[in-house]
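# Fold and geometry: a report
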Amino acid sequence: MSRRPVPLTAGDVDRLPGACAGCLLWELGGPCPQPRSSTVLAGLAPEVAPHEARRDPVERKRDWVHACVADGVPPGAIVELPGQRRGSAVAAFALFAPSERYAPRTGAAPRTSRDALLLATLWVAEVHREVGIGRLLLHAALREAIRLDRPAVEAYGDRRFRERACLLPATWLLHEGFSVHREHPRTPLFRLETRRTVRWAESLEHAWDEMLARLPVGAPAPGRRGTVNGAIVSTSRHQGDAG
């Protein structure tokens, strides 16, 4: 099992948590499967044949991931921890890809930049939160941006985040070094330049490996239970702090 984020593949889709396996909001512009409120980030679904629209959304998501991987652009990363049963649900995952890979947003949502990698969403299982896994997944997105010669990672943040599906807390993005790139009253577009992150990236992975090496095999990563349950990240001293 990997102690670091590894690229997302089509075979991992069934292992994503809950409704995430069949969610097509970002990929194909489908509806959010667990909406907390009407979202300004509704997708613009491309026209598809009726039989395609009736297909299992999990299969459609697998096909989308497979196409990205075939093009040399794995659209995210997963984290498995030592002792985790093979084939079981992932401990954490993030969805990220060049912005043009995703369905465009409708309405007044800020438009992503053509030169950016979009961090669409990020999730950490509750038992594994508050030990830095969220930051490791962000690091994976930054490394992918550098590999693809993208100067920045962008993400939509929710200023009224209450474990709303599919979006990231604005407070967490700010805490991780993002700044508002394009304003919106509810869901601004945040941006983090890759050149700002090169110095701390490798030291973060080294520290994570040392911490995991001290854990008994099969033991869950330590952490308090946060107020967030089953969505992206839990709260800690900094509201919305991931991992």
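Provided above is the structure to which this section pertains.
Below you will find a few notes about this structure.

Of regular secondary structure, the protein possesses six helices and eight strands. Counting from the amino terminus, helix and strand elements in the protein follow one another as β-α-α-α-β-β-β-α-β-β-α-β-β-α. Across the 243 residues in the protein, those meeting the buried criterion constitute 52%. Contacts spanning at least 24 positions in sequence make up 72% of the contacts within the protein whose residues lie at least 6 apart.

For the rest of this paragraph, the subject is the pairing of strand S4 (residues 116–124). For S4, the tally of buried residues reaches nine of nine residues, placing the bulk of the element in the interior. You can see the chain leave S4, run along helix H4 (residues 133–147) and come back into strand S5 (residues 152–158), and the turn it takes is right-handed.

Within the structure shown, the criterion is met by four aromatic pairs. Between Trp26 and Tyr156 the ring centres are 6.0 Å apart and the planes differ by 25 degrees, which places this aromatic pair in the stacked class. Of this pair, Trp26 sits in helix H1 (residues 25–28) while Tyr156 is found in strand S5, placing the two residues 130 residues apart along the sequence. An aromatic cluster of at least three residues, connected via ring pairs, comprises Trp26, Trp64, Tyr102 and Tyr156.

Conventions adopted
- Residues numbered from 1 in each chain as written.
- Predicted model: local features only at pLDDT ≥ 70, side-chain atom pairs only at ≥ 80, totals over all residues.
- Heavy atoms only, no water.
- Helix = DSSP H or I, 4+ residues; strand = E, 2+ residues; numbered from the N terminus.
- Buried < 20%, exposed > 50% of the residue type's maximum accessible area, 1.4 Å probe, protein only.
- Contact = heavy atoms within 4.5 Å.
- Right-handed = clockwise from strand over helix to strand, strands pointing away.
- Phe/Tyr/Trp six-rings, centres within 6.5 Å; stacked < 30°, edge-to-face > 60°.

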